[in-house]
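Residue-level structural notes
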Amino acid sequence: MFKSGFVAIVGRPNVGKSTLINAISGQKIAIVSNKPQTTRTAIKGIINRENAQIIFTDTPGIHKPQNKLGEKMEETINEAVNEVDIILYLIEATDKGIGLANEYILNKVKEHKVKTILVINKVDAIKKESILELIKLYSERHDFEAIIPISALNNDGIDILLDKVIELLPEGPAYYDTTEWTDQTEKQIIEETVREKALRTLDDEVPHGIAVEVVSMKKRENRELYDIDVTIYCEKKTHKGIIIGKDGAMLKNIGEKARKDIEEMLGCKVNLQLWVKVKEDWRDNENKLRQIFH
Ligand SMILES: Nc1nc2c(ncn2[C@@H]2O[C@H](COP(=O)(O)OP(=O)(O)OP(=O)(O)O)[C@@H](O)[C@H]2O)c(=O)[nH]1
Ligand SMILES: [Mg+2]
């Protein structure tokens, strides 16, 4: 019997949703950083097994939208959980109690009436027995199909989680070609890679106002080398200065880290040029948002 279906990964910002989709896929599909609201769009990871095909969707962290970008992210989450077979609802092992954000998510999960697995992530960060309290709290609130503790970071519990997902999936065909592993284009992966390095390298305030666009990407004739031009948009002139850094040092640092990852993905050398432009308040402007997210 062949099984298949769609699985959405949801949860608060920073709980490790993207780390989980990468761990499940064994590939870098979604960018990861210690800053909340790293993921902005729905990103698919396709897993093929002999007896199953599972399409996972990583989603932005659920939070109260503070601008138009936030509203778009919320729409993305709502679309992603529609018509899925299973929801993986991630919480953190270090959580003390349920908290406001998770109350909100719990209610959404209940509304959806979709089979839901509660996944307790980051168990590497606590003593195992301290999650018993969380398990008790959550199981009193909802009839989860399963509650599975994992460490997405250490690849711990991932197989158990996958087995459970396959068990719960309906019988069905492979919806995607079995050679496909994500719905992201090369261009999108490059943009996200640059954004990841910026998020990880810059301090708090600036990175959230960043957007990245590949302006051009060309392979040189007769050579295994790509020329890639990328624009980093930020919201303020002062931010532009911070991103470029003293004598261009910050931008160089971001560029070098991004280039290494992009070269690995493309399997050849890359000449990466980064440019920084100010696009004031783009996160709250419908037109500018559309320009950036096409
Ligand atoms: N200790 C520990 N840290 C983890 C684990 N999984 C993820 N993290 C860390 O948690 C932080 C957030 O991880 P992400 O995967 O970006 O979280 P996310 O839920 O996708 O976040 P948003 O996209 O902002 O909603 C990163 O610093 C990860 O390295 C884990 O199992 N254990
Ligand atoms: Mg994420």
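Computed from a predicted structure; not experimentally measured.

Let's shift gears to the domain arrangement of the protein chain. Here the protein chain is partitioned into domain 1 (3-168) and domain 2 (186-293). One C-alpha centre belongs to domain 1, the other to domain 2; they are set 28 Å apart. In this complex, domain 1 contributes 16 residues to the contact, which on the side of domain 2 involves 20 residues. Taken over both partners, the interface formed by domain 1 and domain 2 buries close to 1,600 Å², and the fraction arising from carbon and sulfur atoms is 54%. Of all residues in domain 1, I31, K35 and R40 give up the largest surface area on contact with domain 2, accounting jointly for 40% of the area buried on that side. For the pair domain 1 and domain 2, the interface holds 1 salt bridge.

Time to look at the pattern of salt bridges. Side-chain pairing between opposite charges can occur once the charged atoms of the two side chains come close. For the structure on display, the rule yields 18 salt bridges. We note a salt bridge from R12 to E92, for which the minimum N-O separation is 3.4 Å. In this pair, R12 is assigned in the loop between β1 (3-11) and α1 (17-25) and E92 in strand β4 (residues 86-92), connecting sequence segments 80 residues apart. Within the structure, one salt-bridge network assembled from shared partners comprises K28, E196, K197, R200 and D261.

Bound to the magnesium ion (ligand 2) on the protein side are S18 (OG) and T39 (OG1), at distances that span 2.0 to 2.1 Å. Note that S18 is positioned in helix α1 and T39 in the loop between α1 and β2 (43-49), a separation of 21 residues in sequence. Accessibility expressed as a relative area gives 8% for S18, which makes it buried.

Attention now goes to the sheet that holds strand β8 (residues 225-234). If you walk across this open sheet you meet the 3 strands as β7-β8-β9, and the pairing is mixed. Strands at the two margins of the open sheet, each flanked by one partner only, are β7 (211-219) and β9 (269-278). Put simply, the sheet's adjacent strands are angled 20° from each other on average, direction ignored. Pairing analysis gives 8 bridges linking β7 to β8, with the strands arranged antiparallel. Along β8, the bridge assignment pairs S216 with D229. Sheet strands touched by helix α8 (residues 249-266): β7, β8 and β9. Its angle to β9, the strand with the most contacts, is close to 135°.

Rules used throughout
Residues numbered from 1 in each chain as written. Chains lettered and ligands numbered in written order. Predicted model: local features only at pLDDT ≥ 70, side-chain atom pairs only at ≥ 80, totals over all residues. Heavy atoms only, no water. Domains from an automatic or database assignment. Contact = heavy atoms within 4.5 Å. Buried area = accessible area lost by both parts, 1.4 Å probe. Salt bridge = Lys/Arg side-chain N within 4 Å of Asp/Glu carboxyl O. Helix = DSSP H or I, 4+ residues; strand = E, 2+ residues; numbered from the N terminus. Donors = N, O, S within 2.8 Å, 3.2 Å for Na, K, Ca; no water. Buried < 20%, exposed > 50% of the residue type's maximum accessible area, 1.4 Å probe, protein only. Pairing = 2+ DSSP bridges. Axes fitted to C-alpha atoms, helices over the stretch in contact; angles between N-to-C directions.

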